[in-house]
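# Close look at the chain arrangement
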Amino acid sequence: MAWAAKQKKPGGDHYNLYKDGLKIYTTIDAGMQRHAEAAVRKQMAQLQKGFDAHWRGRAPWGTKSNILQVSMQRSDRYKKMKASGKSEAEIAEAFRKPIPMQVYSWSGTDTKTMSPMDSLAYYQRFLNAGLLSVEPTTGFVRAWVGGINHYIFKYDHVQSKRQVGSTFKPIVYAAALEKGLKPCDYFANERVTYPEYDNWSPRNADEQYGGEYTMRGALAHSVNTISAQVIMKTGVNKTVAMAHRLGISSNLPEVPSLALGTADLSLQEMVTAYTTFANKGYRVDPVYITKITDRDDKVLREHRKGSNERKVLSEQTAAIMLYLLQGVVEEGSAGKLRSQYGLKMDIAGKTGTTQNHADGWFIGITPNLVTGVWVGGESPEVRFRTLELGQGSRTALPIWGEYNRRLAVSPDFKGFYNSTFTPLPAAWQASLNCESFRAEPPQENFWNAYWIM
């Protein structure tokens, strides 16, 4: 609509989207979109059932009634009553009065008698989701699911911002590689206190410590203590600069806890960043309109190939990041993509879980597609009470797995099932010849130490 308001027809009037017969061509692949919506619908219905059982008889937000107050003030009913001059007392009374209404559920639409305030509480209990699937070489958006039901929940979770958790860690590691840290450097898995940052002392989610990890192992097992060490060696400012180069447009807190994903970012920003790893270091901004023509098929606007692309990483760093992120699937938190969903193609990716497990994430890369999934409540207070149930591998990853399983078995996407990444050149592969974990450093040989001296 913003574009149409600036474009004039030959007669001098501006174009009207609804009356002038314009044809808008999108990048959306109808088949992928159907599979994406089906995957969200299937997995979210199951997840909601478990969530309702988890909170049966209790409100997920506890005594924090301000959640419902904020939701009320955002509603169309409240805004209309306020605009008509109703007082807060009158509005509150109207919101407490039971009336017949249609309510949404995963099993269908029901007619119930409840107050508007009860309706708000009812809808606050729903978990929602966002999915974005982008072709990394072009930036073409192939599937975009903004939520579980746009008619009911008019909010786009692809562009909304939530805390990103460990999905931010690959950006930290990319900045480290660009600075010169080596993928086979070992880091001790131990708690460290940083006095210069108010005695910040990050801990691992599983409270397990000991041994040493390389970058691949630390990413595969999402080791917080090592991500903290990496950002301290790299520099917070260099990490922030890397994030912006990769397509993160939001403001970022310049603190080391950024390494653990404390920033609020959109799914669109995060998927954009990951496309760089899949595209040899070239960042491609998402494109969802290829062209617009008038009623006579005259082209009024057309996407120019490469206009949304720029080099922001070395090809070697991008390739190594793909290798490191494959460890998450081969030896880490995304292993069930193989065992449960039977996916055989090459996959690189990262799970993410935020503070109090309010947000679950998984961003995965296949040879021709980068797909990100977010799952959470409208309010961060609406969440599972345990990490086991609320982690990204339990909430977001199943949607990703189901979506890619559907693509893999569909005859419309031949070759997807067995697709592979470009093999690493031998020289780069040599720099990755190390174990992901070792229990303790190798003992130094006395005679070697003597001769070195």
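In what follows, the structure referred to is the one given above.
First, a word on what this report is: a plain description of the structure on this page. (Residues numbered from 1 in each chain as written. Predicted model: local features only at pLDDT ≥ 70, side-chain atom pairs only at ≥ 80, totals over all residues. Heavy atoms only, no water.)

### Thoughts on the sheet that holds strand S8 (residues 212-213)
Sheet strands line up and pair through hydrogen bonds in the backbone, either parallel or antiparallel. Spatially, the three strands line up as an open sheet ordered S7-S8-S17, and their pairing is antiparallel. Every other strand in the sheet has two partners, leaving strand S7 (187-188) and strand S17 (437-438) as the edge strands with one partner each. Alignment of S7 against S8, held across two bridges, turns out to be antiparallel. Bridging from a neighbouring strand, phenylalanine 187 pairs with tyrosine 213 of S8. (Pairing = 2+ DSSP bridges. Helix = DSSP H or I, 4+ residues; strand = E, 2+ residues; numbered from the N terminus.)

### Some remarks on the pattern of salt bridges
Here the idea is simple: oppositely charged side chains can pair when their charged atoms come close. One pass over the structure, following the stated rule, counts 15 salt bridges. Between aspartate 20 and lysine 9 there is a salt bridge; the shortest N-O distance is 3.2 Å. Placement of aspartate 20 in the loop between helix H1 (2-6) and strand S1 (23-26) and of lysine 9 in the loop between H1 and S1 is noted, with a sequence separation of 11 residues between them. Notably, a salt bridge pairs arginine 245 with glutamate 178, separated by 3.5 Å at the nearest N-O pair. Here the residue arginine 245 occupies a position in helix H10 (residues 236-245), and glutamate 178 occupies one in helix H7 (residues 169-179), the gap between them amounting to 67 residues. Under the relative-accessibility criterion, glutamate 178 is labelled partly exposed at 33%. Counted as one network, the salt bridges with shared partners bring together Lys42, Glu402, Arg405 and Arg406. (Salt bridge = Lys/Arg side-chain N within 4 Å of Asp/Glu carboxyl O. Buried < 20%, exposed > 50% of the residue type's maximum accessible area, 1.4 Å probe, protein only.)

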